[in-house]
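A look at the structure
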Amino acid sequence: MYKPQVILFVLLLFLLNNSLIAQSKGAAIQNETRAVVIGLGEFETSNNYDEVRKYADNDAIAFNTFLNAEAGGEVSQSNIKILINEHALREKILSSLYWLVEKSKTGDKAILYYSGIGGSSPDVIGRGFLMTYDFDPEQPSKTALLVGQVGKTIVALQNKGVDVTLILDSHNGGNFKSSISNYIDNLSEVEATNVGIFSAKAGDTPEESDKYSHSIFTYYLLEGLYGDADRDFDNTIDLYELEKFVVDHVKKATDDRQTPYFIGDSYRVMAYTQGKTMKVEPNMSFDPNIMIKQEVIPVDNATFNLEDMPPSIKFMGTQVCENSAILTQADSYPLKFTTSYPVEETRVNYKRVEALSNGSYTIDLPLEPGMNEFLITAAKGIQSAADTVRIFCTNQRAQLRNIGRTGKDHVLIIATEEFNEWKDLNNPLLDGRTMASDLHQFYGFEVDTLMNPTKDEVLDKIDEYAMRFKDPKYTNQDDQLLIFFTGHGAYNELHKQGHLVTKDSKLNDKHFRSYISFADLQNKINNIGCKHILVVLDICYGGTFDLELPESLDAGGDPYINPDRLDFIKEKLEFKTRRILAASRDTPVSDGFAKQHSPFARKFFEALRSKGGDDGVLTLQELQTFVDQTDPSPHPSVFGANKPGSNFLFIEKQN
């Protein structure tokens, strides 16, 4: 027999430019928001349970009120199915999920909110489930909302081009969270439109508050969305701001017993506040007749079985095997396949395609050099099938990873925008995260980040890399290490010495003891045992990292190099590299507008996203042609043990 545990399950799908807002006034409305809101604080057999959700119905009502409000997008009540306590019967919940999928279309956003109790049982496929009002502990597979039913709803909505955000308020209740992980893990990977928000990490127990008459997590989630999470006062709340607000307040309210966590694009806008804030009332007013007035489509459990007769995909003339790929020299590939008929829609890499007849498809797939991966999905209701075709296109760019190079590429990103005494900055964390994403996605760099560090934390991290590269398995390879600093820089005019400003650097520090001098930093980095090191400094006075600021520099060779790029890569990786690229010589630089990157970082990212042009290799000289467009002019130089003819190469990753 299972032991039921408390679960709050929320599936949010947001509207309009990746926000929670359902519509903007005065604009033509083409997309809609729909919601299914469920709150279970009472059950027919509640005497059998050790735990109850004391305020689950309050949470559901408050969430419904938020959706109706301006901050929530003024979602029409006719677009919300709210099922509380005795109205949250299994048949009505399943019918509402069916309604949510059937009514939603590409570009729409949907919300599924569940607050109640969950558990697990060996009698249930996947084991995890969420209780309904008429749940029977002797027949959980027939009376509960199953993990497969929720998961198939998520997949069906994704296949229709609907954005998905999942919020789970649970101490890993039963096996539900682990059972649904296959669906959850993909939420933030579909065109960067989806978000997952979880009330507690594994092992934590979500708590409720008698003071607020709500779940602590849901209370602060709504408080943040109503406007309190707007840290930069720009009248918008992005996922990063919401996460910071909710995590800080929940941890404080529970004395660190509960820590929420978030996945997805940190800069996705979640709400527009128009400069206003609202509060979550302890007891929200609500008209219970709304639940009765909203008719629910009758569904027979025998016919509404989400596990029965899923769609299928069959490839014609193509042998598709797991972990294998079709090899071709062509620029495109004609893919032919059929689906079980009828299906409602079929997508290739989330783009809808049209069938010729009886579910038969012929699609000309454009190819990039190297590995190409195409996800084929077919959907029918809230059921779906998916398969993947991998096609490897051969040419010189595809061969770049086969030149015999054994080294790895590493990036250490040190970004500081919050300071104890210095003025906070707008963009270092954004620049740091974007740098990490681009280098990993396009070039396969192994990423390490240090955000808002103290002086000791920076020095400890540099020591960590010095110890790492003492290992012979690193020192004998063609490893590359990029160290990216973004934040404040300071300059000691008396001693002509630049310094890195850390979170705990003091404004009134005559001898700069709370700073890290560039001389010390350069010496430590130069002695790291990595063969190729590039230091990029997007900070004021960053050019003074070059202790001599020479007028004539070793540029590392003519940028118009030998056209045989494979020989060039081998040649350039022979020479030890110690290079600098700073945003300026010895002057301050702009941080840029909030959430828009610094001018230097913006051009740096343009260079990375060029992927080196036709040959797939971005050199320092090619990168510099991009950043040279900024004002003031960047400062390239060398330091330490650099060898003439050295370079730092960004080699496009092949899947």
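Because the structure is predicted, anything quoted here is derived from the model rather than measured. (Residues numbered from 1 in each chain as written. Predicted model: local features only at pLDDT ≥ 70, side-chain atom pairs only at ≥ 80, totals over all residues. Heavy atoms only, no water.)

The next subject is the overall build of the chain. When helices and strands are tallied, the chain shows 16 helices and 32 strands. Across the 655 residues that make up the chain, the buried fraction comes to 55%. Sequence-distant contacts, at least 24 apart, represent 77% of the contacts inside the chain between residues at least 6 apart. A total of about 28,300 Å² of accessible surface is found on the chain, and carbon and sulfur atoms cover 47% of it. (Helix = DSSP H or I, 4+ residues; strand = E, 2+ residues; numbered from the N terminus. Buried < 20%, exposed > 50% of the residue type's maximum accessible area, 1.4 Å probe, protein only. Contact = heavy atoms within 4.5 Å. Areas by Shrake-Rupley, 256 points an atom, 1.4 Å probe, with all protein chains shown as cover.)

Reading across the sheet, the three strands line up as S25-S26-S27 and stay open at both edges, with antiparallel pairing between neighbours. The strands lining the two open edges of the sheet, one partner per strand, are strand S25 (489–492) and strand S27 (516–517). Sheet topology note: the strand S26 (residues 497–500)/S27 ladder contains two bridges and is antiparallel. Bridge pairing in S27 links His499 to Ser517. (Pairing = 2+ DSSP bridges.)

Moving on, we come to the packing of helix H15 (residues 599–609) against helix H16 (residues 620–627). Packed helices, taken two at a time, are described by the angle their axes make and the gap between the axes. Their axes nearest at 8 Å, the elements H15 and H16 cross at an angle of 135°. The orientation of H15 with respect to H16, classified from their angle, is oblique. Here H15 and H16 pass one another in a crossing that is right-handed. Contacts from Phe600, Lys603, Phe604, Glu606 and Ala607 of H15 reach H16 at Leu623, Phe626 and Val627. Here the contact of H15 with H16 is composed, by residue class, of six nonpolar, no polar and two charged. (Axes fitted to C-alpha atoms, helices over the stretch in contact; angles between N-to-C directions. Parallel < 35°, antiparallel > 145°, perpendicular 65-115°, else oblique. Left-handed = near helix turned anticlockwise from the far one by under 90°. Nonpolar A, V, L, I, M, F, W, Y, C, P; charged D, E, K, R; others polar.)

Moving on, we get to the packing of aromatic side chains. Throughout the structure, instances matching the rule amount to 16 aromatic pairs. Between Phe63 and Tyr113, the ring centres sit 4.5 Å apart and the planes meet at 25°, which makes this aromatic pair stacked. Placement of Phe63 in helix H1 (residues 56–68) and of Tyr113 in strand S4 (residues 109–120) is noted, with a sequence separation of 50 residues between them. Exposure class is identical for Phe63 and Tyr113. Each is buried. Put simply, the rings of Phe442, Tyr443, Phe445, Phe648 and Phe650 pair up and form one aromatic cluster. Above the face of the Trp99 ring, Lys81 is positioned so that its terminal group lies 4.8 Å from the ring centre. The positively charged end of Arg468 is found above the aromatic ring belonging to Tyr465, 4.4 Å away from the centroid. (Phe/Tyr/Trp six-rings, centres within 6.5 Å; stacked < 30°, edge-to-face > 60°. Lys NZ or Arg CZ within 6 Å of the ring centre and 35° of its normal.)

Reading across the sheet, the three strands line up as S14-S16-S19 and stay open at both edges, with antiparallel pairing between neighbours. Two strands bound the open sheet, and with one partner strand each, they are strand S14 (313–315) and strand S19 (360–366). Neighbour-to-neighbour, the strand axes of the sheet open up by a mean angle of 35°, direction not taken into account. As paired strands, S14 and strand S16 (residues 332–339) are joined by three bridges and run antiparallel to one another. If you follow Ile313 over to S16, its bridge partner there is Thr339.

Each regular strand shows side chains that alternate between the opposite faces of the sheet. Across the two faces of S16 the burial differs, with Tyr333, Leu335, Phe337 and Thr339 buried and Ser332, Pro334, Lys336 and Thr338 not buried at all. In this structure, S16 lies alongside S19, joined through seven bridges in antiparallel fashion. Residue pairing across strands places Pro334 opposite Asp364, the latter belonging to S19.

This part takes up empty space enclosed by the protein. According to the stated counting rule, one finds three cavities of 30 Å³ or more in the structure shown. Volume-wise, the second largest cavity comes out at about 50 Å³. For the lining of the second largest cavity, the per-class residue count stands at six nonpolar, five polar and no charged. (1 Å grid on protein atoms, 1.4 Å probe; cavity = no way out; pocket = protein on both sides within 12 Å on 5 of 7 lines; lining within 4 Å. Points joined across faces, edges and corners; volume = space filled by probe spheres on them.)

What follows deals with the confidence of the model for the chain. Averaged over every residue, the pLDDT of the chain is 75; the share at 70 or more is 73%. In the predicted structure, residues 396–403 sits below a pLDDT of 50 and forms 31 contacts with residues beyond four places in sequence or in another chain. Here residues 550–563 scores under 50 on pLDDT; set against residues more than four positions off or in separate chains, the count is 23 contacts. (pLDDT = per-residue confidence, 0-100.)

Turning our attention to the nonpolar core. Core analysis: the biggest nonpolar cluster contains 41 residues, and Val37, Leu67, Ile197, Leu242 and Val246 have the highest contact counts within it. Those residues in contact with Leu242 that sit more than four places away from it in its chain are Ile197, Leu221, Gly224, Leu225, Ala229, Ile237, Phe262 and Met270. Counting residues in hydrophobic clusters, the runner-up holds 30 residues, among them Val36, Leu100, Ala144 and Ala156. (Core = buried A, V, L, I, M, F, W, Y, C linked by side-chain atoms within 4.5 Å.)

Quick look at helix H7 (residues 216–228) now. Look at H7: only 15 Å from first C-alpha to last across 13 residues, short of the 18 Å you get at 1.5 Å a residue. The buried count for H7 comes to 12 of 13 residues, which makes it a mostly enclosed element. Within the span of H7, buried status applies to Ile216, Phe217, Thr218, Tyr219, Tyr220, Leu221, Leu222, Glu223, Gly224, Leu225, Tyr226 and Gly227. Sitting at the head of H7, Ser215 places a side-chain oxygen 3.3 Å from the backbone nitrogen of Phe217. (Expected span 1.5 Å × (residues − 1). Polar contact = N/O pair within 3.5 Å; in protein donor to acceptor, adjacent residues only side chain to side chain.)

Next up on the list: the pattern of salt bridges. Scanning the entire structure with this criterion turns up 18 salt bridges. Across the salt bridge formed by Glu464 and Arg468, the nearest N and O atoms sit 3.9 Å from each other. Of this pair, Glu464 and Arg468 both sit in helix H11 (residues 455–468), four residues apart, which is roughly one turn of that helix. The partly exposed category is assigned to Glu464, whose relative accessible area is 35%. (Salt bridge = Lys/Arg side-chain N within 4 Å of Asp/Glu carboxyl O.)

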